[in-house]
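Residue-level listing of the chains:
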Amino acid sequence: MRLLRSTDLALRVLMRLAVAGDTNPTTRDVAAAMDVPYTHAAKVVAELQHMALLTARRGRGGGLSLTEKGRGASVGALVRAFEGEGDVVDCDGAASTAPCPLRSDCRLRGALRRAQEAFYASLDPLTVADLTADPTGPLLLGVPHVRQDLPGGPRRR
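Since this is a predicted model, take the numbers as computed values, not measurements.

Rules of the game
- Residues numbered from 1 in each chain as written.
- Predicted model: local features only at pLDDT ≥ 70, side-chain atom pairs only at ≥ 80, totals over all residues.
- Heavy atoms only, no water.
- Phe/Tyr/Trp six-rings, centres within 6.5 Å; stacked < 30°, edge-to-face > 60°.
- Axes fitted to C-alpha atoms, helices over the stretch in contact; angles between N-to-C directions.
- Helix = DSSP H or I, 4+ residues; strand = E, 2+ residues; numbered from the N terminus.
- Parallel < 35°, antiparallel > 145°, perpendicular 65-115°, else oblique.
- Left-handed = near helix turned anticlockwise from the far one by under 90°.
- Contact = heavy atoms within 4.5 Å.
- Pairing = 2+ DSSP bridges.
- Nonpolar A, V, L, I, M, F, W, Y, C, P; charged D, E, K, R; others polar.

**Regarding the packing of aromatic side chains**
- Evaluated as defined, the whole model comprises one aromatic pair.
- Look at Phe-119 and Tyr-120: their rings are 5.7 Å apart centre to centre, the planes differ by 50°, and that puts the pair in the tilted class.

**Here's the deal with the packing of helix H1 (residues 5–18) against helix H3 (residues 38–50)**
- At their nearest, the axes of H1 and H3 sit 10 Å apart, and the two run at 70° to each other. With respect to H3, the axis of H1 lies roughly perpendicular. Helix-helix and strand crossings are classified by hand; for H1 and H3 the assignment is right-handed. Across the interface between the two elements, Arg-5, Ser-6, Leu-9, Ala-10, Val-13 and Leu-14 of H1 pack against His-40, Ala-41, Val-44 and Leu-48 of H3.

**As for the pairing of strand S1 (residues 54–57)**
- Taken together, the four bridges between S1 and strand S2 (residues 63–66) define a ladder with antiparallel strand orientation. From the neighbouring strand, Ala-56 faces S2, where its bridge partner is Leu-64.
- Connecting the antiparallel pair S1 and S2 is a turn made up of five residues, with Gly-59 showing a positive phi of about 85°.

**Description of the packing of H1 against helix H5 (residues 75–83)**
- The geometry of H1 relative to H5 is characterised by a closest axis approach of 9 Å and an angle of 140° between their N-to-C directions. H5 is crossed by H1, and the crossing has right-handed handedness. Contact residues: Ser-6, Thr-7, Ala-10, Leu-11 and Leu-14 in H1; Val-75, Leu-78, Val-79, Phe-82 and Glu-83 in H5.
- Its residues assigned to classes, the contact of H1 with H5 comprises seven nonpolar, two polar and one charged.

Here you go:
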């Protein structure tokens with residue numbers, strides 16, 4: 001199964017914030033550190049904020065911070081939320097020009113649905129905090145932060 005870019009980014013943002021300590025990176029910092037377009041990061045951050053998994057404060061001293069709900073969030077639930085309710089395959093033809101001619105008597109759709117649910121179920125017990133336990137936490141701290149708002153342009157800190 002392949003995750004959407006937004007799902008991957010959401011997980012990485014939450015993991016990064018879980019080890020941020022007293023620092024509050026901005027959405028621009030996160031976008032630069034993750035090497036993704038700011039607009040993409042902003043959409044993901046807005047969704048995570050809507051889900052009450054992080055807080056975002058504007059202005060001087062602002063930035064992003066993980067909430068307790070975010071720290072304890074189930075990875076399986078997060079992936080389900082970002083991936084949506086769709087099946088692994090498009091048997092009904094919603095995204096293609098025609099439905100699959102085998103859809104009425106095919107066993108593949110059910111097998112793939114069970115495999116998809118098993119994938120999610122294997123992620124359900126994991127939390128964001130679990131993902132940032134050693135040795136991952138220290139590695140995340142090594143991801144460079146880029147400050148866009150400093151005079152003279154971007155600088156690594």
